[in-house]
Amino acid sequence: MSASTTCTICQSELQGDYCSSCGQRYLGRRVNTWDVIGGWLSGLLAPERSLLGTFRQLLINPRYIVENYWSGFRGYYLSPRQLVVYMLFVFGLHLALVNQNILGMEVNVSGVSDSLKAFLSPQLVLFLLMIPLLALSTAVVYYRQKHSFPEHFTAAIYLFALWAILFTLLCDILYLLLDIELIPPWFFAAVFLWSARVFSPKDAAWYRILLNAVLSILMLVLISAILLGISYLLDPEGGIELE
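Within every chain, residues take consecutive numbers counted from 1 along the sequence as written. Local features in a predicted model are, by the rule used here, given only for residues with pLDDT of at least 70; side-chain atom pairs are given and counted only at 80 or more, and totals for whole chains, interfaces and linings are based on all residues. Water and hydrogen atoms were dropped before computing side-chain values, which therefore reflect all heavy atoms in the structure.

Engineer: Looking at this model, I keep getting lost on the overall build of the chain. Mind explaining?
Structural biologist: Counting its regular elements, the chain contains eight helices and two strands. For helices the rule is a DSSP run of H or I covering at least 4 residues; for strands it is a run of E covering at least 2, with both sets numbered from the N terminus onward. Secondary structure elements of the chain, listed N to C terminal, follow the sequence α-α-α-β-α-α-α-α-α-β. Of all intrachain contacts in the chain linking residues separated by at least 6 positions in sequence, the fraction that spans at least 24 positions is 64%. Carbon and sulfur atoms form 65% of the exposed surface of the chain, whose accessible area is close to 15300 Å². Residues are treated as being in contact if the distance between any of their heavy atoms lies within 4.5 Å. For the area figures, the Shrake-Rupley method with a 1.4 Å probe applies, and any residue is considered shielded solely by the protein chains shown.

Engineer: Mind showing me how you'd approach the packing of aromatic side chains here?
Structural biologist: Any two aromatic rings considered together are summarised by their centre-to-centre distance and by the angle between their planes. Only centres within 6.5 Å qualify two rings of Phe, Tyr or Trp (six-membered ring in Trp) as a pair; their planes then separate them into stacked at under 30 degrees, edge-to-face at over 60, and tilted for everything else. In the structure shown here, the tally under the stated rule is eleven aromatic pairs. Summarising the aromatic geometry, the rings of Trp163 and Phe167 are spaced 5.8 Å apart at their centres and angled 65° between planes, so their arrangement reads as edge-to-face. You can see Trp163 and its partner Phe167 sitting in helix α6 (residues 149-178), four residues apart, about one turn around the helix. For the residue pair Trp163 and Phe167, the accessibility class agrees, reading buried in each case. Between the aromatic rings of Trp206 and Tyr207, the centroid separation amounts to 6.1 Å while the plane-to-plane angle is 85°, which identifies the pairing as edge-to-face. Any residue under 20% of the maximum accessible area for its type is buried, any over 50% is exposed, and the rest in between are partly exposed; the area is computed with a 1.4 Å probe on protein chains only.

Engineer: What should I look at first to understand the side chain of Ser200 in this one?
Structural biologist: In this fold, Ser200 is placed in the loop between α7 (185-199) and α8 (206-234). A distance of 2.7 Å separates a polar atom in the side chain of Ser200 from the backbone oxygen of Ala196. For Ser200, the residues in contact, after removing those within four places along its chain, are Arg63, Tyr142, Ile209 and Asn212. Contacts described as polar in this section are N or O atom pairs within 3.5 Å, which, within protein, must combine one atom able to donate a hydrogen with one able to accept it, while residues neighboring in sequence count only if both atoms come from side chains.

Engineer: Sorry, what's going on with unusual backbone geometry here?
Structural biologist: Apart from glycine, the bulk of residues carry a negative phi angle, and the bulk of peptide bonds sit in the trans form. One non-glycine residue, Lys146, lies in the positive phi region at around 60°. Here Lys146 is to be found in the loop between α5 (122-141) and α6.

Engineer: Got a minute to help me understand a nonpolar patch on the surface in this structure?
Structural biologist: Patches here: salt-bridge-free residues with over 30% relative accessible area, like charges joined within 9 Å, nonpolar side chains (Val, Leu, Ile, Met, Phe, Trp, Tyr) joined within 5 Å. By definition here, a salt bridge exists when the distance from a side-chain nitrogen of Lys or Arg to a carboxyl oxygen of Asp or Glu is within 4 Å. A cluster of nonpolar side chains, contributed by Trp206, Tyr207, Leu210, Leu211, Val214, Leu215 and Leu218, occupies part of the molecular surface with about 760 Å² of accessible area. Relative to the assigned elements, Leu210 resides in helix α8.

Spelled out as structure tokens, the structure:
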């Protein structure tokens, strides 16, 4: 059997454009210039529709998107990994074109070489570390929901990336056009409020959702304080300053 009718992945016989066993697509011809151009265009434009749809659902009904991913459904909405890629892209544009402060926060790290600071933005590293801390805080506050930590972690990625992208774009527009800077607490308030919408019971009253959000914020502050205290005990001369 020729290679043109046999899947190169699983060696199954092809009956159409897609392999019925592994799903690999077969074009039936050699690659050409349009394949290269079209591949880049589809990579840039096709996810855009999924991105807008994912953002819309995360804003309107975040529980649906998160539970849909928890349940094993893939491909229709963006995955947490894909949303992180968009977040890093927005952060990169911000750091390159606007300033070195992410969401109005400036991080000064002592005890770290200038070469390492030039390679890794302290603000970016801090914000990426906030994702597992957010997951840990929701895992503690909503322990009665009996969700696994990976479920809390994926929810944290979805909600953190959503608001990080929106707030970064909004902050940059306000800063460049009106010279107005938004304060970071608004970002964290949005993240924890949407987390409460995901983890609170479906029939929970608005004041209970708000209370759960406040409890999650307090838990994050407590966890951060403990980690900073441990860091200080291990290295009293080092430290992190937020401005």
